[in-house]
Amino acid sequence: MKEIIRREMVMMVSGDIAQAVKILRDGGLVAFPTETVYGLGADARNEKAIGKIFAAKGRPLTHPLIVHLGEIAQLTDWACEIPPHAYQLAEACWPGSLTMILKKKQDVSSLVTGGQETIGLRIPNHPVALTLLKDFASGIVAPSANKFTHLSPTTAEAVQEELGANVDLILQGGSCAVGLESTIVDMTQTLPRILRLGMLSQQKIANILGMEVKVAESKVQAPRAPGMHHVHYAPLTPTYLMATEDLEKFISKLSFAESSVAVITHSDIVLANNHFIHHHLSSNIDQYAHNLYHTLRQLDHLHLKKIIIEKVPLSKEWDAIRDRLQKASAGRDL
Ligand code: TXA
Ligand code: MG
């Protein structure tokens, strides 16, 4: 490893992107901010560097990685047989929280794609990420910068906590505006199919394309599809979902002795008891998404017995958040 690659954790500001590019070219790992979550980046053409990502995260080799690009013109370096509606979606949504699954070009390493014939591609919408990608001028593979099955980090400090000395450099970019991982859309079939919900909604994609967009049911997803591992995106503290009416009853009965509990709400219910920690996240969906992982991570630091999350509305706009809450609670209801 060249001397430029430092083992101790260094917080970088965006002016240090030249150093980040050098680290990537030398086969090192650079964590960087995107608008969704922080990514753990490596040169997508360097198999040795990609291997370091799997080692740092403790991630099985069969889980494919998203290749991040700086501009749409680079799509043809990585994908082939790109349908016109993929370009239409890219033009409308990139840079942004969309990942498209396309047929991979033959020379793309199977280490990137988990042995599959398809590849995930995305142009993130964050000035630090975009400058890094443009200066690097090639693809950067970047999974979320957390240990396998942990919560995705939405701040540089959270990356440091997750991966510590396994990263050569962390680019500082503040807290991620969106706060949930990108929407993944499979564009290899006649109709687009959402493999992972995100804040770019099914309805928005359907409106852009003027065609029906399906959401893949997790039961019929291929084993390597996103989020199949039942403890994906989970806090370390046992986490449960509870309906609003049950939450009011549960809290009113909570005694001081049982108080090692945190409650996350979005509605304006009044919880008449102060023997617990209460985080009111916004009833505004974007604001809720922005705060969710950060709040769960802060609560994990407190080593509580339980985190209880008020169930969110069943309406479509909450789909991506509901999906992550299901995963955070491993489907546990109280
Ligand atoms: O918002 C995001 O997408 C973030 C930021 C850093 O860009 N990245 C991210 O990467 O969430 P990761 O690796 O944590 O999740 C990517 C998901 C994985 O679950 C993987 O299975 C899926 O994308 N994926 C990647 N390539 C795929 C492919 N060819 N077919 C199906 N799923 C794929
Ligand atoms: Mg991830």
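The residue numbering used here restarts from 1 in each chain and proceeds along that chain's sequence as written. Chains carry letters and ligands carry numbers; both start at the beginning, A for chains and 1 for ligands, and go up in the order they are written. Local features are withheld for residues below a pLDDT of 70 in this predicted model, meaning they are given only at 70 or higher, and side-chain atom pairs are given and counted only at 80 or more; totals for whole chains, interfaces and linings count all residues. Only hydrogens and water are set aside when side-chain values are computed; all heavy atoms of the structure are taken into account.

As for the side chain of Asp319
In step 1: Elements are defined by DSSP. Helices are runs of H or I of four residues or more, strands are runs of E of two residues or more, and each kind is numbered from the N terminus. Within the secondary structure, Asp319 sits in helix H11 (residues 319-328).
In step 2: Here a polar contact is taken to be a pair of N or O atoms separated by no more than 3.5 Å, where protein atoms must pair a possible hydrogen donor with a possible acceptor and residues adjacent in sequence count only if both atoms sit in side chains. Within the structure, the side chain of Asp319 is placed 3.1 Å from the side chain of Arg322, a separation counted as a polar contact.

Describing the pattern of salt bridges
In step 1: Salt bridges are defined as contacts in which a side-chain nitrogen from Lys or Arg sits within 4 Å of a carboxyl oxygen from Asp or Glu. According to the stated counting rule, one finds 14 salt bridges in the structure shown.
In step 2: Close ionic contact of Arg122 with Glu35 constitutes a salt bridge, the shortest N to O distance being 3.0 Å. With Arg122 in strand E7 (residues 118-122) and Glu35 in the loop between strand E2 (30-32) and strand E3 (39-43), the pair connects residues that are 87 residues apart, well separated along the chain. Grouping residues by exposure puts Arg122 and Glu35 together as buried.
In step 3: Linking Glu181 and Arg324 is a salt bridge whose minimum nitrogen-to-oxygen distance equals 2.8 Å. Whether a residue is buried, partly exposed or exposed follows from its accessible area with a 1.4 Å probe, protein chains only, as a fraction of its type maximum: under 20%, in between, or over 50%, in that order.

Some points on unusual backbone geometry
In step 1: Trp94 connects to Pro95 through a cis peptide bond whose omega is -5°.
In step 2: Its place among the elements puts Pro95 in the loop between helix H4 (84-93) and strand E6 (98-104).
In step 3: A positive phi angle is found at Thr149, which is not glycine, with a value near 75°.
In step 4: Position of Thr149 among the secondary structure elements: in the loop between strand E8 (140-141) and helix H7 (156-163).
In step 5: The phi dihedral of His303 falls on the positive side, at around 50°, and the residue is not glycine.

Here we look at the confidence of the model for the protein
In step 1: As a per-residue quantity, pLDDT reports the predictor's confidence and falls between 0 and 100. On average, the protein scores 90 in pLDDT, and the residues at 70 or more come to 90%.
In step 2: Confidence drops under a pLDDT of 50 for residues 1-12, and excluding neighbours within four residues, the segment shows 34 contacts in the predicted structure.
In step 3: This stretch, residues 219-229, has a pLDDT under 50; its non-local contacts, to residues over four places away or in other chains, come to 20 contacts. We call two residues in contact when some of their heavy atoms are within 4.5 Å.

Some words on the environment of Ala272
In step 1: Relative to the elements of secondary structure, Ala272 occurs in the loop between strand E14 (261-265) and strand E15 (277-280).
In step 2: Ala272 gets classed as exposed once you look at its relative accessible area, which sits at 68%.
In step 3: Separated by 21 residues in sequence, Ala272 and Ile251 have C-alpha atoms that sit 7.3 Å apart.

Let's talk about the site of ligand 1
In step 1: Near residues are defined by distance, with any heavy atom within 4 Å of the molecule or strand qualifying the residue. The environment of ligand 1 is formed by 25 residues, the closest being Thr36, His68, Ser144, Ser182 and Arg196.
In step 2: A distance of 3.1 Å separates a nitrogen atom of ligand 1 from a polar atom in the side chain of Thr118.
In step 3: Here Arg122 contributes a side-chain N or O atom positioned 2.9 Å from an oxygen atom of ligand 1.
In step 4: Per-residue and other accessible areas were derived by the Shrake-Rupley procedure at a 1.4 Å probe size, with only the shown protein chains allowed to occlude residues. When the free accessible area of ligand 1 is taken as 680 Å², the share hidden by the protein chains comes to 97%.
In step 5: In terms of residue count, the dominant contributor to the shell around ligand 1 is E7 (4 residues).
In step 6: Amino acid classes used here: Ala, Val, Leu, Ile, Met, Phe, Trp, Tyr, Cys and Pro are nonpolar; Asp, Glu, Lys and Arg are charged; the rest, including Gly, are polar. Among the residues making up the shell around ligand 1, the classes are represented as 12 nonpolar, 8 polar and 5 charged.

Quick word on the sheet that holds strand E16 (residues 306-310)
In step 1: A pair of strands is considered paired only if DSSP assigns at least 2 bridges between the two. Judged by pairing direction, the sheet is parallel, and its 4 strands sit side by side in the order E13-E16-E14-E15 without closing on themselves. Both edges of this open sheet fall to strand E13 (239-242) and E15, since each of them pairs with a single strand only. Averaged over neighbouring strand pairs, the angle between their axes works out to 20° when direction is ignored.
In step 2: Note: E14 against E16, 4 bridges, orientation parallel. Directly across from Ile264, in E16, lies its bridge partner Ile309. Note on geometry: axes are C-alpha line fits, over the in-contact stretch for helices, and angles between N-to-C directions span 0 to 180 degrees.

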